[in-house]
Amino acid sequence: MAKILVYPSNSLILADLVARFGHEPLTLMRVIRRKIKEVGIDSPPINVTPEDPKRGLKYAAVDVPSGVRGRMALLDPLIEEAEAAIIVHEADYSFGCMGCARTNELAKYIIRKKDIPRLELAYPTDDDEAREFVRKIRDFCKSLTSTAEVIA
Amino acid sequence: MVLDETTKMVVLAESSPILPSELALRAYELSTDAVVKETCYGLIVTGSEKTVDEIIKELRKLDPSGIFVKDRGFPPGDSRRCRAVRGGGPRPGFHQLERESNILPSISYGLKNIDEPSDVKGREKRKKLTISRFIEIIEEQSKEDVNG
């Protein structure tokens, strides 16, 4: 079972399909859960630990807007753990303020630079495209399983 | 609070013949250790990871291609997310869920007919609006507004 980073990182469809085809989806929700459950961390918005700015600074300089670095601090554990990635483009709800837009660009760039298997798709607009979308994700997940078996 | 407590959202595709109330009843039958909340899109299930996974596994059997599941960070009714105490408005994450819910019937269709051949490759890709065309539209619209 491989750990697959999905992007948009809170996608229902991607998280479900990856789990359905036998792998572990790495999603933002698990990071949020850790944040709100861990003993010693206060409730949002005062749950920033000294570790978080350091995580953000790994990816962006200090003069980059704090919104980008804050978001990258949340995405960092996912990027670190990822053994493969599925990126979906043209996600309407990813559109947002400059912090969101730049974080999206930066996160995708970092995932591309990481030497891991990657699948890039666009959101389907009709049934036929959805079938192709599901099939590509299934084949990608299958290929990861066979690669893992060869290495083992 | 259980140490390995987890929360999952169960979302029904519009095309599914199952109702959220049926899902909730089945979930209550399966376990008494989990908190189950019925919602307009399906369910929120909270409990120990093992219990939640078992419930989800059984629920999926009701409609394997029409039930979708994802993690949720906050437990149901959490005051930091619940609209009742936040003074209304969509809760964070609503727009994303709404957007993806719209294409769930297509994904469900895709899962059912995954091995059927399709002609997607031969189709022309949807083109984006060019800047020059966008400027033309703005000018046409502003002329119309001036002329009344």
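Quick note: structure is the one above.
Residues numbered from 1 in each chain as written. Chains lettered and ligands numbered in written order. Predicted model: local features only at pLDDT ≥ 70, side-chain atom pairs only at ≥ 80, totals over all residues.

Peer 1: Let's hear about the overall build of chain B: which residues, and what values?
Peer 2: Regarding its fold elements, chain B presents 5 helices and 4 strands. In chain B, the succession of helices and strands from N to C terminus is β-α-β-β-α-β-α-α-α. For 148 residues, the compact-globule estimate of 2.2 N^0.38 gives 15 Å, and chain B exceeds it by more than 25% at 22 Å. Relative to its full complement of 148 residues, chain B shows a buried share of 28%. Residue pairs at least 24 apart in sequence account for 64% of intrachain contacts in chain B once pairs closer than 6 positions are excluded. (Helix = DSSP H or I, 4+ residues; strand = E, 2+ residues; numbered from the N terminus. Rg over C-alpha atoms; globule rule 2.2 N^0.38 Å. Buried ≥ 20, exposed ≤ 12 C-beta atoms within 10 Å, placed from the backbone. Contact = placed C-beta atoms within 7 Å.)

Peer 1: Could you give me a rundown of the sheet that holds strand β3 (residues 84-89) of chain A, with the residues and numbers involved?
Peer 2: Residues and elements named next belong to chain A. Pairing is parallel across the open sheet formed by 4 strands, whose spatial order is β2-β1-β3-β4. The open sheet terminates on both sides in strands that have one partner only, identified here as β2 (24-26) and β4 (118-122). Direction aside, neighbouring strands of the sheet carry axes that sit 25° apart on average. The sheet contact formed by strand β1 (residues 3-7) and β2 spans 3 bridges and is parallel. Bridge pairing in β2 places K3 opposite E24. (Pairing = 2+ DSSP bridges. Axes fitted to C-alpha atoms, helices over the stretch in contact; angles between N-to-C directions.)

Peer 1: Help me get a handle on the interface of chain A and chain B, residues and values and all.
Peer 2: With 29 residues of chain A in contact, the opposing surface of chain B contributes 26 residues. Contributions of two or more residues to the side of chain A that touches chain B are made by α1 (12-20), α2 (28-37) and α6 (127-151) of chain A. Its residues assigned to classes, the side of chain A that touches chain B comprises 13 nonpolar, 4 polar and 12 charged. (Nonpolar A, V, L, I, M, F, W, Y, C, P; charged D, E, K, R; others polar.)

Peer 1: Tell me about unusual backbone geometry, residues and numbers included.
Peer 2: Looking along the chain, the bond that leaves Y7 of chain A and enters P8 of chain A is cis, with omega of 10°. Note that P8 of chain A resides in the loop between β1 and α1.

Peer 1: Give a detailed account of the nonpolar core, specifying residues and quantitative values.
Peer 2: Formed by 55 residues in total, the largest nonpolar core has its most connected members in L5, V6, A85 and I86 of chain A together with V10 of chain B. With 7 residues, α6 of chain A is the largest single contributor of residues to this core. If we skip the residues at most four places from it in the chain, A85 of chain A touches I4, L5, Y7, I111, I116 and R118 of chain A. (Core = buried A, V, L, I, M, F, W, Y, C linked by C-beta atoms within 7 Å.)

Peer 1: So what's going on with the pairing of strand β3 (residues 42-48) of chain B? Which residues, and what values?
Peer 2: Residues and elements named next belong to chain B. Burial analysis of β3 places 5 of its 7 residues in the buried class, the great majority of the element. The pairing of strand β1 (residues 5-12) with β3 spans 7 bridges and is classified as antiparallel. Note on β3: the bridge partner recorded for E5 is S48. Pairing of strand β2 (residues 35-38) with β3, which is carried by 4 bridges, proceeds in the antiparallel orientation.

Peer 1: Can you break down the environment of L17 of chain A residue by residue, with the values?
Peer 2: Residue and element names in this part refer to chain A. Mapped onto the elements of the fold, L17 is located in helix α1. Using a count of 25 C-beta atoms within 10 Å as the deciding quantity, one classes L17 as buried. Note: C-alpha distance between L17 and A101 (84 residues apart in sequence) is 25 Å. Ignoring sequence-local partners within four residues, the contact set of L17 consists of V134 and I137.

Peer 1: I'd like a description of the sheet that holds β3 of chain B, backed by residues and values.
Peer 2: Ordered by their spatial adjacency, 4 strands build an open sheet running β2-β3-β1-β4 (chain B), and the pairing between neighbours is antiparallel. Edge positions in the sheet fall to β2 and β4 (67-72) of chain B, since each of these pairs with one other strand and no more. This sheet shows a mean twist of 20° between the axes of neighbouring strands, independent of strand direction. Judged from the 6 bridges that link them, β1 of chain B and β4 of chain B form a sheet pairing that is antiparallel. The partner of V10 of chain B across the bridge, within β4 of chain B, is V69 of chain B. This element, α1 of chain A, spans β1 and β4 of chain B of the sheet and lies at about 105° to β4 of chain B. Packed on one face of the sheet, helix α1 (residues 20-30) of chain B meets β1, β2 and β3 of chain B and runs near 20° to β3 of chain B.

Peer 1: Report on helix α4 (residues 66-81) of chain A, specifying residues and quantitative values.
Peer 2: All names here are of chain A. Here α4 is 16 residues long and its end C-alpha atoms lie 23 Å apart, about the 22 Å a rise of 1.5 Å per residue gives. The largest bend in α4 amounts to roughly 40° and is located at L75, with the proline P77 lying one to four residues further along. In the core, the buried residues of α4 are packed alongside β1, β2, α2, α3 (51-57) and α5 (98-113). (Expected span 1.5 Å × (residues − 1). Bend = angle between axes of the 7 residues up to and from the residue.)

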